Amino acid sequence: MTARKRKAQKAQQAQRAAQRKKRLKQPAARQQHTVARPPQATRTGHAPAFDQDAGHRPQSARTNPKEKRYRQKKEHVRITQAEMRRRRFRRRLIAIILLLLAVTAGILLSVTLLFRISTFEFQNAAGEVTTDTGSYTQEEILQTLQVKQGDNLFSFAPDAQEELLNTRFPLLENIEILRRMPGTVVLRVQPAKASFCIQTSTGWLVLSRQCKVMEMSGTQPELPLLIGPVQTVPQVGQILSLGAAQLPEAPTETPTESAQPTSVPQEAPEQTALVQMLSALEQHGILDQVTHLDVTNPEQVYFGYQDRIRVTLGTLNQLDYKLKFAVHLLQNKEGNGLTETDRGILDMSIIRSDGSIRPTFKQSDPELPSRQAQDTGDADADPQADVAPDDAAADEPAADQTADPTDAPAEEPTPQDSAKPE
């Protein structure tokens, strides 16, 4: 062995001795040094891969948040876009199924357990609780109603029940059925009042304010007379509908036109005139003093006032203004109208070029249709046959008026003036 080799061997031995001394001086460091053990396998799967460097990795690297986020991001990238779409679809499908199940359960619960009808309440037209049900008792109405206590509040159609009750009880003006939560059925009833009578091919009909047929009679009742064309005779409990009979037209449409949908039938002008006249007369407060109403010709509508004055309105244009002016003259509010002894024809159909009305009154004794029909021996006679020929004078110009001061035309306000007629 040469001297160089012996020298190198001594240096290595000295280095090893120094390392041994260093280890003896740091016993705590050796105790803290732990060796990572490989994880044990479980019943549900294989053990994860063993990280041999787990025990030698520094503590800062194991708790570094940046490295943690990087690992999570790396694991998330492994999920493909198709898998994400499938997961979203499954979540939405489950949500929809749960929603449908909840709605179905709510409906079944409300039908079987909730909203049970417990009480029936009767009200008048103003919505106040009442016991006045006309000629019928509440028990009779409830027996006819096809709804009983214990039924579900939403198990019936109010419109069908209203039609049934209105037909079965003709002496009630209108029956309205309402629901009130949680279990009350409200019936709004109004006793009908005989207001008009009209002659048809089968006899006389007694009508209410809303033209509901209350009863049929063989003789004319002592009620105001309604004159108009009755196309179809209604049954008791139904609503009267006026309209002239129309002849069927010859088919002129081509085969292609016949396949097109037909238009909705419109209301007859006579029915429209009747509804507007009844509403306007009631609004102006003179419906109770009207003795007859003629809507046979919608272009020449007139009515009788206290069976002594015939008020001719012409068309329904400016109907509210015409009636307002006519009421002012008929009731003689300011002393420049008609007196209680005047008899004749009041024409309110003459309209000036500026839109104002020039009323004319002709003193006469017109034989207006009275409340009692004359015995003519013809049951199907025209109700207008009782009108005297003087009725034609209503459409004559003012030059044919007599010189009596009471026949002078009265002054009226313009249609724009909202004050009462002067």
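To be clear, the structure that these remarks concern was listed above.
Residues numbered from 1 in each chain as written. Predicted model: local features only at pLDDT ≥ 70, side-chain atom pairs only at ≥ 80, totals over all residues. Heavy atoms only, no water.

Enquirer: Help me understand the overall build of the protein in this model?
Expert: Assigned secondary structure in the protein consists of 10 helices and 12 strands. Relative to its 422 residues, the protein shows a buried fraction of 31%. In the protein, 53% of the contacts between residues at least 6 apart in sequence involve partners at least 24 apart. In the structure as shown, the protein presents an accessible area of about 27900 Å², 52% of it carried by carbon and sulfur atoms. (Helix = DSSP H or I, 4+ residues; strand = E, 2+ residues; numbered from the N terminus. Buried < 20%, exposed > 50% of the residue type's maximum accessible area, 1.4 Å probe, protein only. Contact = heavy atoms within 4.5 Å. Areas by Shrake-Rupley, 256 points an atom, 1.4 Å probe, with all protein chains shown as cover.)

Enquirer: What exactly am I supposed to notice about the side chain of aspartate 347 here?
Expert: Topologically, aspartate 347 is positioned in strand β11 (residues 344-347). As a buried residue without a salt bridge, aspartate 347 has its nearest oppositely charged side chain in arginine 358, at a separation of 7.9 Å. Here serine 349 takes part through its side chain, which lies 2.5 Å from a polar atom of the side chain of aspartate 347. (Lys, Arg positive; Asp, Glu negative; His and termini not counted. Salt bridge = Lys/Arg side-chain N within 4 Å of Asp/Glu carboxyl O. Polar contact = N/O pair within 3.5 Å; in protein donor to acceptor, adjacent residues only side chain to side chain.)

Enquirer: Explain the packing of helix α9 (residues 269-283) against helix α10 (residues 319-331) to me, please; I cannot follow it from the model alone.
Expert: To describe two helices that pack against each other, one gives the angle between their axes and the distance between the axes. Contact pair α9 / α10: the axes reach a minimum separation of 10 Å and the direction vectors enclose 40°. Viewed along their axes, α9 and α10 adopt a mutual orientation that is oblique. The element α9 and its partner α10 pack so that their crossing is right-handed. Each of Gln276, Met277, Ala280, Leu281 and Gln283 in α9 lies in contact with α10, whose residues at this interface are Leu319, Asp320 and Leu323. (Axes fitted to C-alpha atoms, helices over the stretch in contact; angles between N-to-C directions. Parallel < 35°, antiparallel > 145°, perpendicular 65-115°, else oblique. Left-handed = near helix turned anticlockwise from the far one by under 90°.)

Enquirer: So what exactly am I meant to see when it comes to unusual backbone geometry here?
Expert: Backbone geometry follows two general trends: most residues other than glycine have a negative phi, and most peptide bonds adopt the trans configuration. In this model, methionine 181 is joined to proline 182 through a cis peptide bond whose omega is 0°. Structurally, proline 182 is set in the loop between β2 (176-180) and β3 (184-188). Unusually for a residue other than glycine, cysteine 211 sits at a positive phi of about 60°. A positive phi angle, close to 60°, is found at aspartate 307, a residue other than glycine. With respect to the helices and strands, the residue aspartate 307 is situated in the loop between β9 (301-305) and β10 (309-314).

Enquirer: I keep staring at the sheet that holds β2 and nothing clicks. Help me out?
Expert: To summarise the sheet geometry, strands pair through backbone hydrogen bonds and adopt either a parallel or an antiparallel arrangement. Across the sheet, which stays open at both edges, the 3 strands sit in the order β1-β3-β2 with mixed pairing between neighbours. Strands at the two margins of the open sheet, each flanked by one partner only, are β1 (119-123) and β2. Taken pair by pair, the neighbouring strands of this sheet meet at an average axis angle of 25°, ignoring direction. Those strands touched by helix α7 (residues 158-168) are β2 and β3, and its axis lies near 145° from that of β2. (Pairing = 2+ DSSP bridges.)

Enquirer: What should I look at first to understand a positive patch on the surface in this one?
Expert: A cluster of basic residues, Arg85, Arg88, Arg91 and Arg92, forms a positive patch at the surface. Within the secondary structure, arginine 91 sits in helix α5 (residues 81-112). (Patch = residues over 30% accessible without salt bridge, like charges linked within 9 Å, V, L, I, M, F, W, Y side chains within 5 Å. Charge placed at Lys NZ, Arg CZ, Asp CG, Glu CD.)

Enquirer: When you look at the packing of aromatic side chains in this model, what are you seeing that I'm missing?
Expert: Ring pairs (aromatic) are described by centroid distance and by the angle formed between their planes. Inspection of the entire model under this criterion finds 3 aromatic pairs. Geometrically, the ring pair formed by phenylalanine 115 and phenylalanine 154 is edge-to-face, given 5.6 Å between the ring centres and 85° between the ring planes. Separated by 39 residues along the polypeptide, phenylalanine 115 in the loop between α5 and β1 and phenylalanine 154 in the loop between α6 (138-144) and α7 bring together distant segments of the chain. With a relative accessible area of 25%, phenylalanine 115 lands in the partly exposed category. Judged by its relative accessible area of 45%, phenylalanine 154 falls in the partly exposed class. Ring geometry for tyrosine 136 against phenylalanine 169: centres 4.8 Å apart, planes inclined by 75°, an arrangement best described as edge-to-face. Taken together, the positions of tyrosine 136 in the loop between β1 and α6 and phenylalanine 169 in the loop between α7 and β2 put the pair 33 residues apart, joining distant regions of the chain. Both residues of the pair, tyrosine 136 and phenylalanine 169, count as buried. The ring of phenylalanine 156 carries the charged tip of arginine 179 above its face, separated from the ring centre by 5.0 Å. (Phe/Tyr/Trp six-rings, centres within 6.5 Å; stacked < 30°, edge-to-face > 60°. Lys NZ or Arg CZ within 6 Å of the ring centre and 35° of its normal.)

Enquirer: Can you walk me through a nonpolar patch on the surface in this structure?
Expert: On the surface, Phe89, Leu93, Ile94, Ile97, Leu98 and Leu101 cluster together into a nonpolar patch covering about 620 Å² of accessible area. Tracing the backbone shows isoleucine 97 in helix α5. Using a relative accessible area of 42% as the deciding quantity, one classes isoleucine 97 as partly exposed.

Enquirer: Just checking my understanding: could you explain the pairing of β2 for this structure?
Expert: Along a regular strand, successive side chains alternate from one face of the sheet to the other. Where β2 meets β3, 5 bridges bridge the pair, whose relative direction is antiparallel. Residue pairing in the sheet places isoleucine 177 in a bridge with leucine 187 of β3.

Enquirer: What is the right way to read the pairing of strand β6 (residues 213-217) from this model?
Expert: Direction of pairing for strand β5 (residues 203-207) relative to β6: antiparallel, over a ladder of 4 bridges. Looking at β6, one finds that valine 206 is bridged to glutamate 215.

Enquirer: Would you mind going over the nonpolar core with me for this structure?
Expert: Soluble globular proteins: nonpolar side chains tend toward being buried together. If you look at the biggest cluster of nonpolar residues, it comprises 39 residues, and the most contacted ones within it are Phe303, Val311, Leu346 and Met348. Listed in part, the 17 residues of the second largest apolar core include Phe122, Tyr136, Leu172 and Ile175. (Core = buried A, V, L, I, M, F, W, Y, C linked by side-chain atoms within 4.5 Å.)

Enquirer: What exactly am I supposed to notice about the environment of leucine 242 here?
Expert: Tracing the sequence through the fold places leucine 242 in the loop between β7 (225-227) and α8 (255-258). When the C-alpha atoms of leucine 242 and threonine 296 are compared, they prove to be 9.0 Å apart, with 54 residues separating the residues in sequence. Contact partners of leucine 242, with chain neighbours within four places excluded, come to Ile198, Gly228, Pro229, Val230, Ala268, Glu270, Gln271, Leu274 and Val295.

Enquirer: So what exactly am I meant to see when it comes to the pattern of salt bridges here?
Expert: Any two side chains of opposite charge can pair, given that their charged atoms come close. In this structure the tally under the stated criterion is 6 salt bridges. Measuring nitrogen to oxygen at the nearest pair gives 3.6 Å for the salt bridge that ties glutamate 83 to arginine 90. Here arginine 180 ties to glutamate 121 by a salt bridge, and the two come within 2.7 Å at their closest N and O atoms. One end of the pair, arginine 180, is in strand β2; the other, glutamate 121, is in strand β1, and 59 residues separate them in sequence.

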